[in-house]
Amino acid sequence: MKLVANRINGIHLREMLPALTEEVQVDAVLAAVAYGSSASDITQDLVGHCVANKLRLDLWMRYDHTVPVSVELLRRLLKHQKDNVFTQFVPDRFHPKVIWWKGYGAYIGSANHTDNGWLTNIEAGVFLTDDELVVNGMDEQLDRFFDYLRELDVSIPLSADYVAEMERLGTLNKGVYAEAIKYRKHAEWQGPSFRQARTAFDRRKASFKAEWLSTLGHLQSIQRQLADYRPSWVDADVPAAWQVDQFLHAYYYNHVGEGLQKPYEEYHQRHQADPQAALEVELKWWKSCAQAPSKEDYALYVSAPAVRALLAKEKVLDLDEHEFATLCRHTHATMDHIIKVPAAVLGHPELKTIDRESRVKPFAELVLRQRNRKGWDVRQLLHYVLYGGSNEELWERLYHAGCDSEFSIARYGLNSLAEVVGWARPEVVPPRNGRTSKALRALGFSVKIY
């Protein structure tokens, strides 16, 4: 955690912009910043950084008659819609300053999107790493915050008409606000209504169910089609659900962008009008592969069978530290998360970096020591998800285990759980993790990335 106070302590918000590497990856950027203008160096503000690094940016800003966002920045935002920069405006009762680089960390503080806010003002905010967000449950709270913004029916989308309105209001504001307010096109909003916490929880749960079952439908459709596109190196007795996951793995790592750049939102825009056409192209490529393009054979013949054996109903509650470490090693989502856990948390404060494999054992020991509010360890949580009810209610158990603070265990989140469920019980569901969702989005399917 860092205090971002600009010149007071020499830590500026601009310095929090992530430098993307193999170890530092950002899935997408969500930001709620009330006021804004472009930086003097537009490559060094949030919009410019997202465009340069091909990161999807969903941005919420303020609407009122005082023109809280400069017309010049509005024009940039409109121009960059083609680069997956999407902006909504919330009327009047909107004053947050939150930037969440998913997979990297989040800033929560007082700075607006301005040179003054990022460099020279006396501001106060905190930057929390991805691991700090996860261990404190802040990632789930931020998800709920941005889900609320997505569902606001008073939000106004950016358009050329919106920019023209702001230009007109800006001209009128050269006089007095009292005159300008008469020309507002949108009524003054009195702010959000108060909600009961349980009602909000139930609403999020219903939203999760709808999205989860919709995405499961996409995966099951691909599973049915894969029967006609099985490559020669995949045996017929390999569970079809596993084949779906590894087909999507191969597509994502071989055909979405180049190297570390994975601009899946650009591919989504390209393919969303006809996902089936994009899918058929990739299925034909998959069938033509004479060998596994990116170690999918290892996943199908080594990792997946190992996970299924470890998570058998009669075995899962008795996993020892070595076995749980093996489970982590064979789980793509868990290994993606492990690299983000600080060395000090893993018991090595003297080291600045640790390679991924050396992290597995201390990470497994750390997770095994933890208990949720019910007093369960991770083995009991896995047993609950896998075998704690009917197959039809699996989505609900996943939701509780990954999103409900009564059930969840820090650093072993929804993506890890949903992936191992598919390896352990492929007759029920295919594996699903963040990469699965990104691959589906790249093909044009409208799915959520958790």
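Draft legend 1. Looking closely at a nonpolar patch on the surface. Judged by side-chain polarity, Tyr 298, Tyr 301 and Val 302 come together as a nonpolar surface patch covering roughly 270 Å² of accessible area. Looking at the secondary structure, you find Tyr 298 in helix 12 (residues 296–310).

Draft legend 2. How the structure looks around the packing of aromatic side chains. Taken as a whole, this structure holds 19 aromatic pairs when the rule is applied. Considering the side-chain rings of Trp 242 and Trp 423, the 6.1 Å spacing of their centres and the 65 degrees angle between planes classify their relative orientation as edge-to-face. Taken together, the positions of Trp 242 in helix 9 (residues 240–255) and Trp 423 in helix 18 (residues 414–424) put the pair 181 residues apart, joining distant regions of the chain. Residue classification places Trp 423 among the buried positions, given a relative accessible area of 3%. Three or more aromatic residues link up through ring pairs in this structure, and these residues are Trp 60, Trp 100, Phe 145 and Phe 146. Directly above the ring of Trp 100 sits Lys 102, whose terminal nitrogen or CZ lies 4.8 Å from the centroid. Note that Lys 374 overlies the ring of Trp 376, its terminal NZ or CZ placed 6.0 Å from the centroid.

Draft legend 3. Just the packing of helix 17 (residues 394–403) against helix 18, in detail. For the pair helix 17 and helix 18, the least separation of the axes is 9 Å and the interaxial angle reads 150 degrees. In terms of crossing hand, the pair formed by helix 17 and helix 18 is right-handed. In contact with Leu 394, Leu 398, Ala 401, Gly 402 and Cys 403 of helix 17, helix 18 contributes Leu 414, Leu 417, Ala 418 and Val 421. Class assignment for the residues of the contact of helix 17 with helix 18 results in eight nonpolar, one polar and no charged.

Draft legend 4. Representation of the pairing of strand 5 (residues 97–101). Judged by how many residues are buried, strand 5 sits mostly within the fold: five of five residues are covered. Where strand 2 (residues 29–33) and strand 5 come together, five bridges link them in antiparallel fashion. The partner of Leu 30 across the bridge, within strand 5, is Trp 100. Judged from the four bridges that link them, strand 5 and strand 6 (residues 105–108) form a sheet pairing that is antiparallel. Within strand 6, the residue paired with Val 98 across the bridge is Ile 108. Here strand 5 folds back onto strand 6, and the loop between the two strands holds three residues, one of which, Gly 103, carries a positive phi near 100 degrees.

Calculation rules
- Residues numbered from 1 in each chain as written.
- Predicted model: local features only at pLDDT ≥ 70, side-chain atom pairs only at ≥ 80, totals over all residues.
- Heavy atoms only, no water.
- Patch = residues over 30% accessible without salt bridge, like charges linked within 9 Å, V, L, I, M, F, W, Y side chains within 5 Å.
- Areas by Shrake-Rupley, 256 points an atom, 1.4 Å probe, with all protein chains shown as cover.
- Salt bridge = Lys/Arg side-chain N within 4 Å of Asp/Glu carboxyl O.
- Helix = DSSP H or I, 4+ residues; strand = E, 2+ residues; numbered from the N terminus.
- Phe/Tyr/Trp six-rings, centres within 6.5 Å; stacked < 30°, edge-to-face > 60°.
- Buried < 20%, exposed > 50% of the residue type's maximum accessible area, 1.4 Å probe, protein only.
- Lys NZ or Arg CZ within 6 Å of the ring centre and 35° of its normal.
- Axes fitted to C-alpha atoms, helices over the stretch in contact; angles between N-to-C directions.
- Left-handed = near helix turned anticlockwise from the far one by under 90°.
- Contact = heavy atoms within 4.5 Å.
- Nonpolar A, V, L, I, M, F, W, Y, C, P; charged D, E, K, R; others polar.
- Pairing = 2+ DSSP bridges.

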